[in-house]
Amino acid sequence: MTATELTYIRAVNEALRWSLETFADTIVLGEDIGLPNGPFGATKGLYSQFGGRVIDTPISESAMIGTALGAAVSGLRPVVEIMYADFLMVAMDQIVNQVANIRYVSGGTLVPRLTIRTQQGATPGSCAQHSQSLEAFFAHVPGLRVGLAADAASAYAMLRAAIASDDPVMLFESRRLYPVKGLVELDAPVESVGGARVAADGDDMTVVSWGSAVPDVLAARKELAADGVSAAVIDLRWLSPLDLRPVLESVEHTGRLAVVHEANRTAGFGAEVVARVTETAGCKLAAPPVRIAAADGRVPASPVLSEALLPGPARIRSELAALAAGPARNSRTLSA
Amino acid sequence: MTESEQGGSVNLAALYRQMCMIRRFEEQLMALVQSRELAGSVHLCIGQEAIPVGACAALEPGDAVIGTYRGHGWAIARRVPLAELFAEVLGRASALNSGRGGSPYLMAPRYGYLGENSIVGAGLPMAAGAALARKLQGAGTAAVVSIGDGAMNQGAVHESLNLAAVLGLPLLVIVENNGYAEMTPAAALTAVPAHQRAPAYRMRGEVVDGNDPIAVAEAVRAVRAEVISEQRPALIEAMTHRLVGHYSGDAQAYRPPGELAAARRADPVARLAARIGEAAAGIDEAAQADILAALAAARAVPFPDPAHVTSGIYAEEP
């Protein structure tokens, strides 16, 4: 099997092309995805290749998701592009009250076989309505599958898994990572939805991350290694279904846990990871677990401000270094 | 009396000066994006200047105006100081939003501009609320919201139009139809034009040449008066062209050949200049000088203090 070097966005494009070629029932819906080739190029060339199965919709997110749902339960396999994750908020009813319920209530006779792709996160100058990281909203909803790819290989594999799945899957891509290249095995077997990835082995701490934060964590890991700290990095990839096995195995070995995400801290998915690890392996922890996330705030447009809000490489590194230097195994008392 | 009514006749020079100010401001922003002094992308209203200029010439200070992410022109037409606008867009600690809003989401309520919005169609529900307050307060003013043709397909827009009609709200909706919903032709996405949808909500629906500030001003003046006196919403669809990309990095490969060239022949700034004659050049030069002076002033504004990045989210903070 040969690997091809692709950008993240091109990997998305190839997964969509694969789906349109593989499943005659695939349709792709979105704003500006036809002739304009998609606002970020995810659908480049698909309209000319597949014509009427690549559908430009009005700017109507609620109708887009609801239409995808209706088409899905009627035998099609829709993939919807929502331009920014912030725009998912416009379609909340369709996603939470409609998509997430229909299989359960219909006893599996209605199959919401649809994929919602979007991209999220802050980039310099992006405004408060184009920068939020919203995965925790949807990971809270039973009935939805939620994934975040951190590189081109995962972007390709996870989108193929999503489209092949009979469950409704939401994929939060990273606009910031779209131009980053990686090796992709285009002919790899189709994965099923779920599965974390050990991005790097390590002995001193376990760092769990996903999506846009993963490259920053890997960069921090390199710098920490120069200081003699060995950090394992688990790229969670899927928040639902959640694959904690590699996390627990690593924590067992390292005794220290950090979770890093771009979304803000309070009720972020990092809280869920920390809670689950603590419930299962709390007595193995040598130090209190650490959450590294955006501060709880709205995302300001000015890069000077957004840099202060977001968990950038420097903050990730210093907080991980503090975790490494933290209290020895079981030395912290409740009153500390 | 509004500025354009001096001596009972429309003051063409004043309108032209405003339009030049917007055009030169937007051109300067494009240059600032290209030189990377401005981070991210911007949505410019080049080609659509006559709509905010004409409309605001017919509005009063007490009217509430809500725009879209393509809303710098409305800010300038509402007389938001240029230096403050530049500073905000450049991410500096501007007197407007301290860099928190930026180009697509700035707010200037002191100037009667509640602000821009980066969610398509989302300004309309809030505008209905601003109209409701004016009705209940007996203010004798209106709420005016600018949306694009693409926004006419958002559910919240239709919910708000109906709500405004049944509650009898002094709401004026101005649909800037530039032919494209972001990057897709509006005609391919919209079953019925905006002005024809208005009567379905028992609203007056007008079409106006959005490249003629005088026509816009006259329509807005008449419709605004009716909206206030009869306490019921109305809609004006202003036909125009966007002469630049949807956003600053948009190569516009989706446009058919010749379309932009034809649109440029209807450039509202050039059209008004031709009407004004030889005085136009001097007005434009003065506007450009104002723009450069404002940019220099904005560059002297410091960047915001990151220590306050999470302050001001709540009224009461511990």
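Computed from a predicted structure; not experimentally measured. (Residues numbered from 1 in each chain as written. Chains lettered and ligands numbered in written order. Predicted model: local features only at pLDDT ≥ 70, side-chain atom pairs only at ≥ 80, totals over all residues.)

Remarks on the overall build of chain A
Selection rule: Segments assigned H or I by DSSP are reported as helices when at least four residues long, segments assigned E as strands when at least two residues long, and all are numbered from the N terminus. The atom set for the radius of gyration is the C-alpha atoms, and the globule formula is 2.2 Å times the number of residues raised to the power 0.38. Field definition: a residue is buried when 20 or more other C-beta atoms are found within 10 Å of its C-beta, exposed when 12 or fewer are, and partly exposed for counts in between, with C-beta atoms placed from the backbone. Throughout, a pair of residues is in contact if the C-beta atoms placed from their backbones lie within 7 Å.
When its secondary structure is counted, chain A shows 11 helices and 14 strands. Computed over the C-alpha atoms, the radius of gyration of chain A is 20 Å, within 12% of the 20 Å expected from 2.2 N^0.38 for a compact globule of 336 residues. C-alpha extents for chain A along the principal axes are approximately 65 × 45 × 40 Å. Here chain A holds 336 residues, and the buried ones make up 54% of them. Counted over contacts in chain A with a minimum sequence separation of 6, partners at least 24 positions apart contribute 80%.

Here's the deal with the interface of chain A and chain B
Selection criterion: Under the convention adopted here, Pro, Cys and the residues Ala, Val, Leu, Ile, Met, Phe, Trp and Tyr are nonpolar, Asp, Glu, Lys and Arg are charged, and Gly plus all remaining residues are polar.
Chain A puts 31 residues into the contact, and the matching count from chain B is 31 residues. Here the side of chain A that touches chain B gets five residues from one element, more than from any other, and that element is helix H10 (residues 303-309) of chain A. In terms of residue class, the side of chain A that touches chain B is built from 17 nonpolar, nine polar and five charged.

Remarks on the confidence of the model for chain A
Quick reminder of the rule: A score between 0 and 100, pLDDT records how confident the predictor is in each residue.
Overall, the prediction assigns chain A a mean pLDDT of 96, with 97% of residues at 70 or greater. A low-confidence stretch, residues 329-336 of chain A (pLDDT under 50), is modelled with six contacts involving residues beyond four sequence positions or located in other chains.

A short note on the domain arrangement of chain A
Residues and elements named next belong to chain A. To keep it simple, the criterion reads: For the domains described, the bounds stem from an automatic or database domain assignment.
Its domain assignment divides chain A into domain 1 (4-184) and domain 2 (197-324). When each unit is reduced to the centre of its C-alpha atoms, the spacing between domain 1 and domain 2 is 26 Å. Domain 1 puts 26 residues into the contact, and the matching count from domain 2 is 23 residues. Every element with two or more residues in the side of domain 1 that touches domain 2 is listed here: helix H5 (135-139), strand S6 (145-147), helix H6 (152-164) and strand S7 (169-174). Grouping the constituent residues of the side of domain 1 that touches domain 2 by class yields 14 nonpolar, nine polar and three charged.

Some thoughts on the sheet that holds strand S2 (residues 113-115) of chain B
Residue and element names in this part refer to chain B. The condition is simple: One requirement defines pairing of two strands: DSSP has to find at least two bridges between them. Structural elements are reduced to axes, namely lines fitted to C-alpha atoms, with helices fitted over the stretch in contact, and the angle between N-to-C directions of any two is expressed from 0 to 180 degrees.
Pairing within the open sheet is parallel, and its six strands lie in the order S2-S1-S3-S4-S8-S7. Strands at the two margins of the open sheet, each flanked by one partner only, are S2 and strand S7 (204-209). Taken pair by pair, the neighbouring strands of this sheet meet at an average axis angle of 20°, ignoring direction. In terms of strand pairing, strand S1 (residues 64-66) meets strand S3 (residues 143-148) through three bridges, oriented parallel. The partner of Val65 across the bridge, within S3, is Val144. Helix-sheet contacts for helix H5 (residues 123-136) involve S1, S2, S3 and strand S4 (171-177), and the interaxial angle to S3 is about 170°. Its contacts with the sheet put helix H9 (residues 213-230) on S4, S7 and strand S8 (234-239), and the angle it makes with S7 is roughly 165°.

Digging into the pairing of S7 of chain B
Residues and elements named next belong to chain B. Going by this rule: For the handedness criterion, the strands are oriented away from the viewer, and a crossover whose path from the first strand over the helix to the second runs clockwise is classed as right-handed.
Direction of pairing for S7 relative to S8: parallel, over a ladder of six bridges. By the bridge assignment, Arg204 is partnered in S8 with Ala234. You can see the chain leave S7, run along H9 and come back into S8, and the turn it takes is right-handed.

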